[in-house]
Amino acid sequence: YYMFNILLKVNSLKKTLLFLLLMIFIAPSQAQFKNLSKKLKSKATESVKKNVKPLTINYKIKKIHYNPLKSLTKISLDIEFNGYNPNKIGVSLDRIEFDLFIDDKHGSKFYNEKKIKIPKEDNFTFEEVAELRVNTMGKAIFDQIIKKKAKYRIDGTYFLDTQFGNFPIKAKLVEKEI
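This write-up is about the structure you can find in this document. Remember, predicted model here, so these are calculated numbers, not experimental data.

### Considering the packing of aromatic side chains
Inspection of the entire model under this criterion finds six aromatic pairs. Consider the rings of Phe81 and Phe98, whose centres lie 4.6 Å apart with planes at 20 degrees: the pair is stacked. Of this pair, Phe81 sits in strand β2 (residues 74–85) while Phe98 sits in strand β3 (residues 91–102), and the two are 17 residues apart along the sequence. Residue Phe81 shares its accessibility class with Phe98, and that shared class is buried. Judged by centre distance (6.5 Å) and plane angle (35 degrees), the ring pair of Phe98 and Phe126 falls under tilted. Taken together, the residues Phe98 in strand β3 and Phe126 in strand β6 (residues 122–133) connect sequence positions 28 residues apart. Take Phe98 and Phe126: they sit in the same class, and that class is buried.

Printed below as a string of structure tokens:
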């Protein structure tokens, strides 16, 4: 009986040692995979920044919608974006975020959640609507928009969709008086 207990203890000691050895070898490999994933993403980000030229994007305010019978405090702007892709490959934008500034005051934040496919070395166009409220931008700026004397600036971030994930690229569009 005593001998059997010793064998069991030795056997469980072997199992414990085996388990510890496995943990020592497996745990670092999972961390290495995480590091490898981070390194690959970092390399992909470098490659995208190095090889993908920024898109040329311009805009114009197509129409100002203001109906005081519906709302005294709301204006919407139809904005047409057009641009050029100088890259030798087509690109796909997963989404775009915009900040609209009017007379250097933040007026609205709006998004394009539609995927936009842009052909290589070609022009592209898309439209968005920006909703503005008097309480956000102030009465003076509201009046400037109605009189069509406001200066507009759009800052944006477009998200380039690649097989390695989405990569944000900042863009500052030209300030215009419209």
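### With respect to the nonpolar core
The biggest cluster of nonpolar side chains holds 34 residues, and the ones touching the most others in it are Leu77, Ile79, Phe81, Leu100, Ile102, Ile145 and Tyr152. Elements supplying a minimum of two residues to this core: β1 (56–65), β2, β3, β5 (116–118), β6, α2 (134–137), α3 (139–146) and β7 (151–162). For this core, the leading source of residues is β3, giving six residues.

### Remarks on the pattern of salt bridges
Under the defined criterion, the tally for this structure stands at ten salt bridges. Linking Glu127 and Lys62 is a salt bridge whose minimum nitrogen-to-oxygen distance equals 3.0 Å. Placement of Glu127 in strand β6 and of Lys62 in strand β1 is noted, with a sequence separation of 65 residues between them. Residue class for Glu127 comes out partly exposed when judged on its relative accessible area of 41%. Residues Lys88 and Glu121 are paired through a salt bridge, measuring 3.9 Å at the closest nitrogen-oxygen approach. Of this pair, Lys88 sits in the loop between β2 and β3 while Glu121 is found in the loop between β5 and β6, placing the two residues 33 residues apart along the sequence. Taking relative accessible area as the criterion, Lys88 reaches 66% and is therefore assigned exposed. Within the structure, one salt-bridge network assembled from shared partners comprises Lys60, Lys62, Glu80 and Glu127.

### Describing the side chain of Glu97
Here Glu97 shows up in strand β3. A polar contact of 3.4 Å, which involves the side chain of Glu97, links it to the side chain of Arg95. Dropping the residues within four chain positions of it, Glu97 is found in contact with Phe110, Tyr111, Asp155, Gly156, Thr157 and Phe159.

### Points about the pairing of β3
Across the twelve residues of β3, ten count as buried, placing the element largely inside the fold. Taken together, the seven bridges between β3 and strand β4 (residues 105–112) define a ladder with antiparallel strand orientation. Within the sheet, the bridge partner assigned to Asp99 lies in β4 and is Lys109. With antiparallel pairing between neighbouring strands as the criterion, β3 and β4 make up a hairpin whose turn holds two residues, including Asp103 at a positive phi of roughly 50 degrees.

About the criteria used
- Residues numbered from 1 in each chain as written.
- Predicted model: local features only at pLDDT ≥ 70, side-chain atom pairs only at ≥ 80, totals over all residues.
- Heavy atoms only, no water.
- Phe/Tyr/Trp six-rings, centres within 6.5 Å; stacked < 30°, edge-to-face > 60°.
- Helix = DSSP H or I, 4+ residues; strand = E, 2+ residues; numbered from the N terminus.
- Buried < 20%, exposed > 50% of the residue type's maximum accessible area, 1.4 Å probe, protein only.
- Core = buried A, V, L, I, M, F, W, Y, C linked by side-chain atoms within 4.5 Å.
- Salt bridge = Lys/Arg side-chain N within 4 Å of Asp/Glu carboxyl O.
- Polar contact = N/O pair within 3.5 Å; in protein donor to acceptor, adjacent residues only side chain to side chain.
- Contact = heavy atoms within 4.5 Å.
- Pairing = 2+ DSSP bridges.

Don't take any of this as a statement about function, it's just geometry.
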